[in-house]
Amino acid sequence: MLRRSFPGLIFALACAAAFAACSSSRSNTVPSSGGVPGIGPNFVTNTLYVTNTTQNVVELYTPSPAPAATPQYAIGGSNTQLNGPQYDAFDSSRRLYVTNYNPGTQAAAVNIYQQFATGNVLPFTTISGAGTLLDQPHGITLLSDGTIVVANTSPLGAFSNEILVFTPLSSTSSPVLSFNIAGNLTQLNSPSGVASDTTKKIFVANRGGATVTAYILPSPTPTPSSTPSPTPSPPTHPSASPSPTPVPSSNNIAPSIVIGGTLTGLIAPTGITLDANNVIYVVDPDSGNASVRIFAAGANGNVAPVRVISGALTQLSNPLDVKVDGNGNIYVTDSGANKLLIFGPGASGNIAPSVAITLPVGSVTGLALSP
């Protein structure tokens, strides 16, 4: 069963009252918890989607926000089924994918929302249940063909550290687990962030291993499926019948790249992303030396980063996720100070962020930029 609701949970949309309506001919506002599901305006590229884990909300900021910016929109409320949202990512159709893990309820899922979804809106579909192997999902990325890749830890599962690979969302069914990457050869150790490069190679930030590892997906890769055209009117959940529990294959494969060692400065990397030139950006919340570490494209082994953003002026405390836009601006979510930090292109050293936004409540974790 790939879709699961969570009855009895009450989701707080604490920030909704502070959100202003966007001036648009469509006259959309942010529905409060329990309100009518909403579809926002046609959000422009690089709209920021920030997960607020303890408030069960995804908050939306306009591109290039000012230091005092507040979210214009949010996805939140009981209909959304957000339950400890962690990391988020977009597919090429601008649908939003959010990993969820709530240690209090032991609930784990990936929620998928239609493009431009806002307010107390139902997910388009969810990925959850025993057949998915989701236990404690963290980072998520999508390949160009829609293949879904999730970093997962599972203290009680067959594999405590694994990368789960799901088939693309299709017009007739929810994604299903295709295979996982797990085993002693993988060198996975508390995988947290996950990203992909332009060749579909998967990069993983291993918080427990002080490394970044990369993998070439086994052949054949999952066959791409056609994707549905999002429907602007409810219901927004899929009409597909539940798929049978899959029997995935496990791939105990060695990484093609391992970035680790004293020269790297990696201690407990959490978030990772690559830019259009395959330059690698990693955030590391190492106590006393929180940093953004930038490695050259193709970096491998015990190599020093080409740039490091670190020091008191940076305001970095416990960075968890990182993204880079097409202009080279670096976006970091930091749960230590509960901030969204933005550094300009080429930033390096002990430098102040160009923008620092403090979230008044909750705990910030993941970040995605709309395509």
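Everything below is about the structure printed above this text.
From a predicted model like this one, the values you see are computed outputs, not experimental measurements.

Caption draft 1: Focus on the side chain of Lys339. One can find Lys339 in strand β25 (residues 339-343). Within the buried set, Lys339 has no salt-bridge partner at all; the shortest N-O distance to an opposite charge, 8.3 Å, is to Asp334.

Caption draft 2: Quick peek at the sheet that holds strand β24 (residues 330-334). The four strands lie next to each other as β23-β24-β25-β26, forming an open sheet whose pairing is antiparallel. Taken across any chain shown, the strands that pair with only one partner, and hence form the sheet edges, are β23 (319-324) and β26 (355-358). Averaged over all neighbouring strand pairs, the angle between strand axes comes to 15°, with direction disregarded. Across five bridges, the pairing between β23 and β24 is antiparallel. By the bridge assignment for β24, Val322 is matched with Val332.

Caption draft 3: Fine view of the packing of aromatic side chains. Scanning the model with the defined rule gives four aromatic pairs in all. Considering the side-chain rings of Phe43 and Tyr49, the 6.5 Å spacing of their centres and the 90° angle between planes classify their relative orientation as edge-to-face. Its relative accessible area of 3% is what places Tyr49 among the buried residues. Relative to Phe116, the ring of Phe43 lies with its centre 6.5 Å away and its plane at 65°, an arrangement referred to as edge-to-face. Here Phe43 is found in the loop between β1 (38-39) and β2 (48-52), whereas its partner Phe116 is found in the loop between β7 (107-113) and β8 (117-118), with 73 residues between them in sequence. Phe116 shares its class with Phe43; the two are buried. In this structure an aromatic cluster arises from ring pairing among Phe43, Tyr49, Tyr73, Phe90 and Phe116.

Reading the values: the criteria
- In this numbering scheme, every chain counts its residues from 1 along its sequence in written order.
- Where totals are concerned, whole chains, interfaces and linings use all residues; where local detail is concerned, this predicted model gives features only for residues with pLDDT of at least 70, and gives and counts side-chain atom pairs only at 80 or more.
- Think of the side-chain values as coming from all heavy atoms in the structure, minus any hydrogens and water.
- Elements are defined by DSSP. Helices are runs of H or I of four residues or more, strands are runs of E of two residues or more, and each kind is numbered from the N terminus.
- Categorising residues by exposure relies on relative accessible area from a 1.4 Å probe, with only protein chains included: less than 20% of the type maximum marks a residue as buried, more than 50% marks it as exposed, and the intermediate range marks it as partly exposed.
- Positive charge is attributed to Lys and Arg, negative charge to Asp and Glu, and no charge count is given to His or to the chain ends.
- We count a salt bridge whenever a side-chain nitrogen from Lys or Arg sits within 4 Å of a carboxyl oxygen from Asp or Glu.
- Paired strands, as defined in this entry, are two strands with at least two bridges between them according to DSSP.
- The angle between two axes is taken between their N-to-C directions and runs from 0 to 180 degrees, where each axis is a line fitted to C-alpha atoms and a helix contributes only its stretch in contact.
- Only Phe, Tyr and Trp rings take part, Trp by its six-membered ring, and two of them pair if their centres are within 6.5 Å. Stacked means planes under 30 degrees apart, edge-to-face means over 60, and tilted covers everything else.

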